[in-house]
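For reference, the chains in residue letters:
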Amino acid sequence: MGNSLKAIVAFVPSDKCQKYLLEELEEMPVDKMVDLSGRQLRRLPLHICSFRELVKLYLSDNNLNHLPPELEQLQNLQILALDFNNFKALPLVVCTLKQLCILYLGNNKLCSLPLELRLLQNLKTLWIESNCLQCLPEVVCELSLLKTLHAGSNALRTLPAQLRCLQELRTIWLSGNLLSEFPSVLLDMPFLEVIDVDRNSIRFFPSLAHLPGLKLVIYDHNPCRNAPKVAKGVRRVGRWSEETPEPRKRSGAVIAITLNEKPSPPPATKPEPEAEPC
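Student: What should I look at first to understand the sheet that holds strand β5 (residues 125-127) in this one?
Tutor: Sheet strands line up and pair through hydrogen bonds in the backbone, either parallel or antiparallel. Reading across the sheet, the 10 strands line up as β1-β2-β3-β4-β5-β6-β7-β8-β9-β10 and stay open at both edges, with parallel pairing between neighbours. Among the strands making up the open sheet, the edge pair consists of β1 (33-35) and β10 (235-237). When the angles between neighbouring strand axes are averaged without regard to direction, this sheet yields 5°. The sheet contact formed by β1 and strand β2 (residues 56-58) spans three bridges and is parallel. Within β2, the residue paired with Val 34 across the bridge is Leu 57.

Structural data, given as structure tokens:
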């Protein structure tokens, strides 16, 4: 079905038209995954919420701005992709899905996150890149199992001090923000393995040599006067670094590393990501 035809049909709320968009998806797939990426959907078909054993739901690249309360029935859901939609606020029903391990919210219009997000205590990967965030919501600091945080391409100027409470956090992507100073809270997080502050406005980098877990720091495209000092064996990517190979990127984040990285959600042309064990 061509994208133009999909866009026209998406405006028609009849069940027949919705089935046309879903290409007759009426029963839960054996692999417990539903991928509705790029279907021009304006609302989530309610019968999807009856697939109570569903583990992975991909709704990327649609025209969604709300979700039905019936989504709460999907209590086995571990991966939810809502990136590349039109959400101005995170639907609270998402915060009822307590088995979620991976949540993709990038490329929407979010200016904040609800306090109810703290209910997702199994969350390990959170992508909030390319939104309208001027500060990192403090509720993120209450996600005690979080390992990967991608907050690139927002308008962040600082990070909350409470971030140091995330002792499981290993990778943090902050590229394409408005940081004028290296976030001091990161200096108190010795368990971090990857720090990405590419494409900010940082002029001076403190020493990072005291961070024993650090494996990679990306600081390119900053008006800096120095390179951050790092311990032996730590890879630097940026001006004055020993080596500057060009990493592959998605929405400003490096993904071609063999660490706790974010698996890309699978629009029609992408492979299915591997979920982290819950």
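From this point, things continue past the structure.
Student: Would you mind going over the confidence of the model for the chain with me for this structure?
Tutor: Note: predicted coordinates in regions of low pLDDT should not be interpreted at a detailed level. Per-residue confidence for the chain averages 86 on the pLDDT scale, and 78% of its residues sit at or above 70. Low pLDDT (under 50) marks residues 7-11, which in the prediction has nine contacts with non-local residues, meaning those over four places away or in another chain. Low pLDDT (under 50) marks residues 243-273, which in the prediction has 83 contacts with non-local residues, meaning those over four places away or in another chain.

Student: Please clarify how the nonpolar core should be interpreted in this entry.
Tutor: General note: in soluble globular proteins, nonpolar side chains tend to be found buried as a group. Among the nonpolar cores identified, the biggest contains 69 residues, and Leu 163 and Leu 186 are the most heavily contacted of them. Residues Met 33, Tyr 58, Ala 81 and Tyr 104 belong to the second largest nonpolar core, which totals eight residues.

Student: I would appreciate a short explanation of the side chain of Asn 154 in the present structure.
Tutor: Note on placement: Asn 154 falls in the loop between β6 (148-150) and β7 (171-173). A polar contact is formed between the side chain of Asn 154 and the backbone nitrogen of Leu 133, at a distance of 3.2 Å. Leaving out residues up to four positions away in the same chain, Asn 154 has contacts with Ile 128, Glu 129, Ser 130, Asn 131, Cys 132, Leu 133, Gly 176 and Asn 177.

Student: Could you clarify how one ought to interpret the pattern of salt bridges in this entry?
Tutor: When the charged atoms of two side chains with opposite charge come close together, those side chains can pair. Evaluated as defined, the whole model comprises three salt bridges. Residue Asp 198 pairs with Arg 199 through a salt bridge whose shortest N-O separation is 3.9 Å. Here Asp 198 falls in the buried class, since its relative accessible area comes to 1%.

Quick notes on the rules
Every chain's residues receive numbers from 1 upward, in the order its sequence appears when written. Totals for whole chains, interfaces and linings use every residue, but because this is a predicted model, local features are given only for residues with pLDDT of at least 70 and side-chain atom pairs only at 80 or more, for both listing and counting. Think of the side-chain values as coming from all heavy atoms in the structure, minus any hydrogens and water. Should DSSP find at least two bridges between two strands, the strands are taken to pair. Secondary structure is summarised from DSSP: a helix means a run of H or I of at least four residues, a strand means a run of E of at least two, and numbering begins at the N terminus for each. Here the axes come from fitting lines to C-alpha atoms, over the contacting stretch only for helices, and the angles between their N-to-C directions go from 0 to 180 degrees. pLDDT runs from 0 to 100 and stands for how confident the predictor is about each residue. Contacts between residues were defined by any pair of non-hydrogen atoms, one from each residue, lying within 4.5 Å. Nonpolar cores are built from buried Ala, Val, Leu, Ile, Met, Phe, Trp, Tyr and Cys residues. Side-chain atoms within 4.5 Å join them into one set. Relative accessibility under 20% of the residue-type maximum defines a buried residue, over 50% an exposed one, and the middle range a partly exposed one, all with a 1.4 Å probe and only protein chains included. Between N or O atoms, a polar contact is any pair within 3.5 Å; within protein, one atom must be a potential hydrogen donor and the other a potential acceptor, and residues adjacent in sequence are included only when both atoms are from side chains. For salt bridges, the criterion is a side-chain nitrogen of Lys or Arg within 4 Å of an Asp or Glu carboxyl oxygen.

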